[in-house]
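Survey of secondary and tertiary structure
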Amino acid sequence: MESKNHLAKLGEMWRAIFALQLEQVVDVLGAFDLREDGEVLQRQLNGHLDGMAGSYLGPEFKDDEIAERLQKAGAKFTLLSYDQMIDQTAQALADEKAVGWMHGRMEFGPRSLGCRSILGDARSPTMQKTLNLKVKYRESFRPFAPAVLREDVNEYFDIDTDSPYMLLVADVVESRRKAMTEAQHALFGIDKLNVPRSDIPAVTHVDYSARVQTVHQETNPRYHALLTKFKHLTGCSVVVNTSFNVRGEPIVGTPEDAFRCLMGTEIEVLAIGNCL
């Protein structure tokens, strides 16, 4: 009996030691990133938001590598300056074009958060249907989520807190909603669904809700700059943000993936790094 108690205590001791060592290993590994080329870099935290760095933890591609890969894939593109890329992409969004947007480090997790995204004009009453049928190849009623400048979020949604990972749901504010007429209330099915519910109809669900992503200058300055320029052009700081893929396929991970998605869908503009 005494021997069994001794063995049980030894077992508890070793389990505790193993758990402690495992926790230390996780702490150490969590401070480093493994790049696609095998290089290990120590992670720098952003200082005041959280340790996830906006979830932008995956591989990235520099402009010279992007250009080389696109040339080999047979793509026709122009290498722009940073400002030219922001200006021309924002104008494409303002012209209600579907934009494939890839830059920086790939998102880690279940959401595209502005580095491997398909973007559209949230003001467009046809954008939801267009992206579903011509880009995502799925049912036209499928909803999309909004991306909004963090500093403007409470101007559009009944929320005034950070939601960088597109996890929080909030209602569109009353001042932006559109009341339905009696004739519209009498509609049924898809016809009723297609009635604009607000001045950002592409991201407003039938119950006036939306799953919001707040865009922060600290974690994704290029994405933030794009929305800021779009606001300058249109007066609106909200865009549609959906994952850069088609139904049944993973999110694009490389420039070649993005180019194939462009050629196989009706995406109208592809922006990868500074290559347009």
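Given the structure is predicted, the values throughout are model-derived calculations rather than measurements. (Residues numbered from 1 in each chain as written. Predicted model: local features only at pLDDT ≥ 70, side-chain atom pairs only at ≥ 80, totals over all residues. Heavy atoms only, no water.)

**Section: the packing of aromatic side chains**
Applied cut-off: For Phe, Tyr and Trp, where Trp contributes only its six-membered ring, two rings pair if their centres lie within 6.5 Å, and the inter-plane angle classes them as stacked under 30 degrees, edge-to-face over 60, or tilted in between. Accessible area is worked out with a 1.4 Å probe on protein chains only. A residue is then buried under 20% of its type maximum, exposed over 50%, and partly exposed in between.
As enumerated under the stated definition, the model contains one aromatic pair in all. Between the aromatic rings of Tyr-156 and Phe-157, the centroid separation amounts to 6.4 Å while the plane-to-plane angle is 40 degrees, which identifies the pairing as tilted. The exposure classification of Tyr-156 matches that of Phe-157, with both residues buried.

**As for the pattern of salt bridges**
Counted only if it meets this: One side-chain nitrogen of Lys or Arg within 4 Å of one carboxyl oxygen of Asp or Glu is enough to make a salt bridge. For helices the rule is a DSSP run of H or I covering at least 4 residues; for strands it is a run of E covering at least 2, with both sets numbered from the N terminus onward.
Using the criterion set out here, one finds 14 salt bridges in the structure. In this structure, Asp-121 engages Arg-123 in a salt bridge whose closest nitrogen and oxygen atoms are separated by 2.6 Å. Between Asp-160 and Arg-150 there is a salt bridge, and its shortest N-O distance comes to 3.2 Å. Within this pair, whereas Asp-160 is found in the loop between helix H5 (153-156) and strand S6 (168-171), its partner Arg-150 is found in the loop between strand S5 (145-149) and H5, the two being separated by ten residues in sequence.

**What to know about the sheet that holds strand S3 (residues 99-102)**
Paired through their backbone hydrogen bonds, the strands of a sheet run either parallel or antiparallel. Here is the rule we go by: A pair of strands is considered paired only if DSSP assigns at least 2 bridges between the two. Here an axis means a line fitted to C-alpha atoms, over the contact stretch when the element is a helix, while the angle between two N-to-C directions is reported on a 0 to 180 degree scale. In what follows, residue pairs with any heavy atoms lying within 4.5 Å of each other are defined as contacts.
Pairing is mixed in the open sheet, where seven strands are placed in the order S6-S7-S5-S8-S4-S3-S9. Two strands lie at the open edges of the sheet, namely S6 and strand S9 (269-272), each paired on one side alone. In this sheet, neighbouring strand axes are inclined to one another by 40 degrees on average, regardless of whether the strands run parallel or antiparallel. In the sheet, S6 pairs with strand S7 (residues 209-215) via four bridges, with the strands oriented antiparallel. In the sheet register, Asp-171 faces S7, and the bridge partner there is Ser-209. Strand contacts of helix H9 (residues 255-263): S3 and S9, with the helix running at about 175 degrees to S9, the strand carrying the most contacts.

**Examining H9**
Stated precisely, the cut-off is as follows: In this description, one arc is meant: the one made by directions from the helix axis to the C-beta atoms.
By the burial criterion, the buried members of H9 are Pro-255, Ala-258, Phe-259, Cys-261 and Leu-262. Considered in projection along H9, the buried side chains sweep an arc of 160 degrees and stay on one side of the axis. When the buried face of H9 is taken as reference, the exposed residues oriented beyond 90 degrees from it are Arg-260 and Met-263. In this structure, the buried residues of H9 make contact with helix H2 (63-73), S3 and S9.

**Here's the deal with the environment of Val-203**
Among the secondary structure elements, Val-203 is positioned in the loop between helix H7 (190-193) and S7. By relative accessible area, which is 1% here, Val-203 ends up buried. Sequence separation of Val-203 and Pro-146 is 57 residues, and the distance between their C-alpha atoms is 5.6 Å. Beyond its immediate stretch of four places on either side in the chain, Val-203 contacts Ala-122, Phe-144, Ala-145, Pro-146, Ser-209, Ala-210, Val-238, Val-239 and Val-240.

**Quick word on the environment of Arg-123**
Here is the rule: In protein, a polar contact means a hydrogen-donor-capable atom and an acceptor-capable atom, both N or O and within 3.5 Å, with residues adjacent in sequence counting only if both atoms are side-chain atoms; elsewhere, any N or O pair within 3.5 Å suffices.
Position of Arg-123 relative to the elements: it lies in the loop between strand S4 (116-121) and helix H4 (127-136). For the pair Arg-123 and Pro-201, spaced 78 residues apart in sequence, the C-alpha to C-alpha distance is 6.0 Å. Setting aside residues up to four positions removed in sequence, Arg-123 forms contacts with Ala-94, Asp-199, Ile-200, Pro-201, Phe-230, Thr-234 and Cys-236. Separated by 2.6 Å, the side chains of Arg-123 and Asp-121 make a polar contact.

**Section: the nonpolar core**
Short version of the rule: For this analysis, a nonpolar core means a set of buried residues of the types Ala, Val, Leu, Ile, Met, Phe, Trp, Tyr and Cys, connected via side-chain atoms within 4.5 Å.
Of all hydrophobic cores here, the largest spans 59 residues; its most connected members are Phe-157, Val-238 and Phe-244. Per element, the largest residue contribution to this core is six residues, and it comes from helix H3 (residues 82-94). Counting residues in hydrophobic clusters, the runner-up holds six residues, among them Tyr-56, Cys-115, Ala-145 and Met-166.

**Details of H3**
Note the cut-off: One less than the number of residues in a helix, times 1.5 Å, gives the span that helix is expected to have.
Look at H3: 18 Å from first C-alpha to last across 13 residues, which is about the 18 Å you get at 1.5 Å a residue. Listing the buried residues of H3 in full gives Met-85, Ile-86, Thr-89, Ala-90, Ala-92, Leu-93 and Ala-94. Buried-residue contacts for H3 involve S3, S4, helix H8 (221-234), strand S8 (238-243) and S9.

**Observations concerning unusual backbone geometry**
Even without being a glycine, Ser-55 presents a positive backbone phi close to 75 degrees. As for its placement among the helices and strands, Ser-55 is situated in the loop between strand S2 (40-42) and H2. Under the relative-accessibility criterion, Ser-55 is labelled buried at 2%.

**Describing the side chain of Arg-138**
How we decide: Charged residues are defined here as Lys and Arg on the positive side and Asp and Glu on the negative side; His and the ends of the chain fall outside this count.
Mapped onto the secondary structure, Arg-138 falls in the loop between H4 and S5. At 6.1 Å, Glu-139 is the nearest oppositely charged side chain to Arg-138, a buried residue that forms no salt bridge. Those residues in contact with Arg-138, other than ones at most four positions away along the chain, are Asn-132, Leu-133, Pro-143, Phe-144, Thr-242 and Arg-247.

Keep in mind these numbers describe shape, not what the thing actually does.
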